Amino acid sequence: MKTKHPKGLYLLFSVEMWERFSFYGMLALLVLFMKKFFGWSTETAGNIYGWYIGLVFLTPILGGYLADRFFGPNKCIMAGALTIAAGQFVLFSVPFTSSVTSFYIGVALLIIGNGLFKSNISVLVGNLYPKDDPRKDAGFTIFYMGINLGAAIAPIVCGYLGEKVAWEWGFFAAGIGMIIGFLTFLLGKKKYLGNLGEHPASPKAKISSSEDNKPLTKIEKQRMAVIFIMGFFVIFFWFAFKQNGASLTLFASESTNRILPLINWEVPASWFVSLNAVFILIFAPIFSRLWIKLAEDKKEPSTPAKFVWGLTLLAFGFVVMAVAAYVNYKFGKVGVLWLTGSYLFLTLGELCLSPVGLSLVTKLSPARYASMLMGAWFLANFVANKLAGQFAGMYDKINHVKFFMFPVATALGAALLLLVLRKYIKRWMHGVH
């Protein structure tokens, strides 16, 4: 079995790294900026946060449709990158003007740009491999390292500039990151991707006469149904996980002792968002090799089983937060190891679920609907993220122990249900692992 990955994977790794640098640089500042610059309440900031991170996962459906039918993934990726950069530079202007309108315009541009970019680059990763290539899960795990390398650096750079220097420079750095990502893709796509992604999968002009107009088979329909079923369980994961940019950041800001004792310097609260990405970079290569090794030994867990592990590990992460909240209530601010431990469990859960889910969509999707179904997969993230924002908005109104135990209950409940259904789901996957 081949273990070496296509060179194009590392180009897409780099491009995604810079796009995630831009995304997480802004995300690390968003709630803090709304509360400290505009003076908005936690509830208002949480709701806006929820709409933002929700819509960046809803618009990929449109981006996938445009790529599949009209423009191809590459043009959508480049247009998305430029739109994201424009949004960051509009946000750069907001501290100078104090314009709420400019703030919303900047956020809207980020949402539109993400829609064009997000699903299409994931589809390109999947298209680097044959349909049932056992390297695909491992390839997506490596790609996921690119996501998290950007996510690790972004809060440190953008968070420090935004919190310690001036808000505008945090947004400016995020915009520069996206410009670098755009140029990386523009200059490298021909060499490393060839014609991959240059054309739509189902050109509009050919729909009426091509193979793409044939009805879906029963197997294709059932495999597509699995995408939506698994997407339902993804909601429970991301609903909890996306507290990282909201309630977990507020816990870091308000309930964590962030003073480094030897140098008497306070760590910015936004930096804690980087913990997840740092752990990804440490453990993703291990998981990548693990999936290949288990596949070689015919012992690799099915995708539903990996999801069960992901949800369970996530629940443990929030158990740690519930205990930390209790310690904070009884004794005052807690040490940084509590958040560190929580992020470790969240990360291990993410590695069992998120890159595996992206890989699953590319395995189960009919080729003519690949980008659109990847966008539909992100629809689950829209629902989860919108709920996450609304839930985060209640952070000041609920006892924090109960607040953090709620995701524990929802994640474990979803894991138990999936454990019961996994055999039936595997039948509809028709041999896809």
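This text gives an overview of the structure that appears in the document. Being a predicted model, the structure only gives us computed values, none of them experimental.

Here we take up the overall build of the protein. Each helix and strand counted, the protein has 14 helices and two strands in total. Relative to the compact-globule value of 22 Å for 433 residues, the protein shows a C-alpha radius of gyration of 21 Å, a close match. When the 433 residues of the protein are sorted by exposure, 59% land in the buried category. Look at the contacts in the protein between residues 6 or more apart in sequence, and 85% of them connect residues 24 or more apart. Taken as a whole, the protein presents about 17,200 Å² of accessible surface, with 67% of it coming from carbon and sulfur.

A separate point is the packing of helix H2 (residues 42-58) against helix H13 (residues 370-392). The interhelical angle for the contact between H2 and H13, taken along N-to-C directions, is 180°, at an axis separation of 7 Å. Looking at the two axes, H2 sits roughly antiparallel to H13. Of the residues in H13, those touching H2 at Thr42, Gly46, Asn47, Tyr49, Gly50, Trp51, Ile53, Gly54, Leu55, Phe57 and Leu58 are Gly375, Phe378, Leu379, Asn381, Phe382, Asn385, Lys386, Gly389, Gln390 and Ala392. A per-class count over the contact of H2 with H13 returns 10 nonpolar, 10 polar and one charged.

Let us look at the side chain of Gln243. Of note, Gln243 is situated in the loop between helix H8 (218-241) and helix H9 (247-255). Within the structure, Gln243 has its side chain in polar contact with the side chain of Ser247 (distance 2.7 Å). Leaving out residues up to four positions away in the same chain, Gln243 has contacts with Leu248, Thr249, Phe318, Ala388, Phe391, Ala392 and Phe403.

This part takes up helix H4 (residues 73-97). Over its 25 residues, H4 extends 36 Å from the first C-alpha to the last, a length consistent with the 36 Å expected when each residue adds 1.5 Å. Looking one or two residues beyond H4, the residue adopting positive phi is Ser98, at roughly 55°.

What follows is about the packing of helix H1 (residues 8-36) against H2. One way to put it is that H1 packs onto H2 with a least axis distance of 8 Å and a crossing angle of 155°. It follows from the interaxial angle that H1 and H2 lie roughly antiparallel. Classified by chirality, the crossing of H2 by H1 is right-handed. When H1 is examined against H2, the residues Phe23, Met26, Leu27, Leu30, Val31, Met34 and Lys35 are found in contact with a partner set consisting of Thr42, Ala45, Ile48, Tyr49, Tyr52, Ile53 and Val56. A class-by-class count of the residues in the contact of H1 with H2 yields 12 nonpolar, one polar and one charged.

The biggest cluster of nonpolar side chains holds 138 residues, and the ones touching the most others in it are Leu12, Tyr52, Phe103, Phe251, Trp377 and Phe404. The greatest single-element share of this core, amounting to 16 residues, is contributed by H1. Beyond its immediate stretch of four places on either side in the chain, Leu12 contacts Ile121, Leu124, Val125, Leu128, Phe143, Phe185 and Leu193.

What follows deals with the environment of Ala151. Looking at the secondary structure, you find Ala151 in helix H6 (residues 136-165). Sequence separation between Ala151 and Ala85 is 66 residues; the distance between their C-alpha atoms is 16 Å. Sequence-distant contacts of Ala151, defined by excluding residues within four places in its chain, comprise Arg20, Tyr24, Ser274 and Ala277.

Conventions adopted
- Residues numbered from 1 in each chain as written.
- Predicted model: local features only at pLDDT ≥ 70, side-chain atom pairs only at ≥ 80, totals over all residues.
- Heavy atoms only, no water.
- Helix = DSSP H or I, 4+ residues; strand = E, 2+ residues; numbered from the N terminus.
- Rg over C-alpha atoms; globule rule 2.2 N^0.38 Å.
- Buried < 20%, exposed > 50% of the residue type's maximum accessible area, 1.4 Å probe, protein only.
- Contact = heavy atoms within 4.5 Å.
- Areas by Shrake-Rupley, 256 points an atom, 1.4 Å probe, with all protein chains shown as cover.
- Axes fitted to C-alpha atoms, helices over the stretch in contact; angles between N-to-C directions.
- Parallel < 35°, antiparallel > 145°, perpendicular 65-115°, else oblique.
- Nonpolar A, V, L, I, M, F, W, Y, C, P; charged D, E, K, R; others polar.
- Polar contact = N/O pair within 3.5 Å; in protein donor to acceptor, adjacent residues only side chain to side chain.
- Expected span 1.5 Å × (residues − 1).
- Left-handed = near helix turned anticlockwise from the far one by under 90°.
- Core = buried A, V, L, I, M, F, W, Y, C linked by side-chain atoms within 4.5 Å.

This is a description of form; function is not addressed.
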